[in-house]
Every structure is written in C-alpha cells, then in structure tokens.
Amino acid sequence: MQLTVNGQNYNVDVEDDMPLLWVLRDELGITGPKYGCGIAMCGACTVHIDGQAMRSCSVPAGQVDGSEVTTIEGLGSPEALHAVQAAWIEEQVAQCGYCQSGQIMAAAAFLSINPEPTDSDIDQAMSANLCRCGTYPRIRAAVKNAAAKLQGV
Amino acid sequence: MMLTRFLILIAFTLSATSAIAQEDAPIDPQEGLATWAKIFEIVSHPRCANCHVPEDNRPRWSGAHYGLEEGEWRYHGMNVNGGEDRFGTMTLACNACHQQENSDVPHGPPGAHVWMLAPVEMVWWQKSSGEICEQIKDPERNGGRNLEEVAEHIDHDHLVHWGWDPGPGREPAPYSRKEAVEFFRSWAAAGAPCPDVAEATQDYLEDQALPETAE
C-alpha cells in the first residue's frame, strides 16, 4: 500500500489490519510515535492523519492507504521548531519524555482547530494523553504559550 | 343516468366506509405496549444509551463490560467530551480513537464507519420508557422521521447496527437488528402506544366497565 509519511512516499507490503504504529516503527523505522497501551487509551502513539490527531496504535494501516501521515519527526525541525515544540522547551514540560511526542502532536492538531482555547478546552482536548510523571500543569501552560505564539502575540 | 349516479354514489360510500373502517381498525394497546417494552429493553441498553446523552455531551460508561454493577455508571474516561457537534471536533474527535471497525484487542476501542454521540434531542440516558417512547415518535426529536423512516433507520444505519456487533468482550444490545425492526413496525402498526397513553387507556376502560353482577 501507498503511505505518505512526513512528505515522503512509501510503498509498504503489510496486512491491511496491521496497526499504523507498527508500520511506522517496525517497517519504516520512524520511532517518534511511542507504544504505550496499544488500545488508544494513553495517546503516546498520536500522529496526524490528514491533519487530525489519531491514535496510530489503533488505526489499521489499510484505513490510511493514500492518506498523509505526520509524525513528531515531520512536525518541525531543529532549525524551525513548530510553535508547540518551542513552547514545550520554554516551559520545560518533559520529565521522562515518553509521552511527549504524542502530547505535542495532540496539542498541535488541537490548536489548528481551536487557536484560542480556554483552560477547559485544553483539558478536554489533552486529557486523553496521559503523563505518568504528572506534568499536566506544564502541559497546559505550554499549550497556552503555543497558542499565543501561533497568534503572533 | 340516475341509476349510474346512484351506483357511483354507492361505490364512493362503500369506499369511504372501508377506509374509515381501516383507520378505525381495532388496535390492541396492550399488545403494542408489550412490543414497546422490548424496544425499550434495546434503547435503554448500555450499547445504545451510553451515547444518547444529555447536554453535557459526555458519553457514559455503564454495563458489566466496565466492571460495574447494574445501575452503576461513570463518565467516559479521560474527560472525553463530544462537544456541541457531538463528534468532538473542537477538542478531541471521537475518531481519534474510534476507528471504522471494532478493535480486536481486549478493551480496545470499538468502532463503526461513523462514530459520534446521538443528537442531543434524542437523549435516552436515564430517561423513562414513556419519555423515550414519546421522543422516538416526535419528528422534532427523531431527525424528522415518520415511524417507517425510523424503522428504516434501524435497518440501515451502521452505527445503530454496531449495538448488536460491539466487539469482543462487550454485551450486545438485546434481540437482533432484524427483530428490532420487526418490533418497531409491529408497534407502529398497533398505533405506537406509549406507557403513559396505555395507563390512560386502562383508566378509561376501567371507568367504562360494567359493575359486577351481584351473586
């Protein structure tokens, strides 16, 4: 099947029901998306599919044939960080860091549809991305910081 | 000429009488109510009611699958909220996790071609049998459908069908899709009686009953 990941086209020979996360990590060597729970409960595997945040551990590869997939590797670059990545560094969000690629992908997609979120909006959008270190106050601060950056404030 | 007019008049009269007789065909409200009770078993089951929720837009988790006793419930985990559009578009879309098919992993996310909360006017969560019965008949609150169109909706909608095919470990809604459609059409044919209506009918019949004959 044909996959476009971070702007690059790939032909992969996998079963249609293989989870996208497996394709990314095991077939393409793109290891930014993490395996957490495997049942869409934790958000560590979050990627963008056609711009929308989705749990790659639960998306069958056959469902995204022809779609455009973006992982944390394709969101920004060290030279040109995405606003959410920059905010993450400024707020020093990460503790162990395992969840942060999923958190950042979820936040970036969220801010693309809701550029001026309230605290409640942020909580609703981000609560399904779990952080076992408990960095939630810093996550919320970083999302607000990123929203301001994207607004040019 | 007069005879022809007379025969035409007779024909019209018979036709009209027949139509009225059909409209006034005796219905058995008790039979209709018994059928409605089966429909209520279905629509009040967790597979249906958990996503027919009120204005808070928060899907519920109830039922044995979640390790809960009968009558116990909790909100969908992780503060999930379907929002006013009921797809979660403005925060976290339902289909971020719920894909087009059921996950085959234990406790994995269930899925269907479209995954969303039911429109808010179709709230079933913790509503009584009578309340749901009146709602499901009301085009203002059932998606603008007549009763046959509701039956067709049950017969053809993929997300409705999911209730009987909810994936591993989840108890399906009672009966089957085919039976549900049959129940609905049978209930409609019986005049679509609702529990409150039946109580009124019963009171009326009791008022009309002849006094018992003395021994």
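J.: Any chance you could explain the overall build of chain A here in plain terms?
T.: Counting secondary structure elements, chain A contains 6 helices and 5 strands. By the compact-globule yardstick of 15 Å for 153 residues, chain A fits well, its C-alpha radius of gyration being 15 Å. Structurally, chain A occupies a C-alpha span of about 45 × 30 × 25 Å along its principal axes. Look at the contacts in chain A between residues 6 or more apart in sequence, and 58% of them connect residues 24 or more apart. Counting 8 positive and 17 negative side-chain charges, chain A places the averaged centre of each group 14 Å from the other.

J.: In this structure, what is going on with the packing of helix 3 (residues 83-90) of chain A against helix 4 (residues 100-113) of chain A? I would like to understand it.
T.: The angle between the axes and the distance between the axes are what describe a pair of packed helices. Residues and elements named next belong to chain A. Between helix 3 and helix 4, the shortest axis-to-axis distance is 9 Å and the interhelical angle comes to 130°. The angle between helix 3 and helix 4 falls in the class oblique. Between helix 3 and helix 4 lies a crossing whose hand is right-handed. Counting all contacts with helix 3, which are made through V84, Q85 and W88, the residues of helix 4 involved are Q100, Q103, I104, A107, A108 and L111. The class makeup of the residues in the contact of helix 3 with helix 4 is 6 nonpolar, 3 polar and no charged.

J.: What exactly am I supposed to notice about the pairing of strand 1 (residues 2-5) of chain A here?
T.: Residue and element names in this part refer to chain A. As judged from the 4 bridges shared by strand 1 and strand 2 (residues 8-11), these two strands associate in the antiparallel manner. For Q2, the partnering residue across the bridge sits in strand 2 and is N11. Where strand 1 folds back onto strand 2 in an antiparallel hairpin, the turn is made up of 2 residues, including N6, whose phi is positive at roughly 50°. Looking at chain direction, strand 1 and strand 5 (residues 68-70) are connected through 2 bridges and run parallel. Bridging from a neighbouring strand, T4 pairs with E68 of strand 5.

Basis of the calculations
- Residues numbered from 1 in each chain as written.
- Chains lettered and ligands numbered in written order.
- Predicted model: local features only at pLDDT ≥ 70, side-chain atom pairs only at ≥ 80, totals over all residues.
- Heavy atoms only, no water.
- Helix = DSSP H or I, 4+ residues; strand = E, 2+ residues; numbered from the N terminus.
- Rg over C-alpha atoms; globule rule 2.2 N^0.38 Å.
- Contact = heavy atoms within 4.5 Å.
- Lys, Arg positive; Asp, Glu negative; His and termini not counted.
- Charge placed at Lys NZ, Arg CZ, Asp CG, Glu CD.
- Axes fitted to C-alpha atoms, helices over the stretch in contact; angles between N-to-C directions.
- Parallel < 35°, antiparallel > 145°, perpendicular 65-115°, else oblique.
- Left-handed = near helix turned anticlockwise from the far one by under 90°.
- Nonpolar A, V, L, I, M, F, W, Y, C, P; charged D, E, K, R; others polar.
- Pairing = 2+ DSSP bridges.

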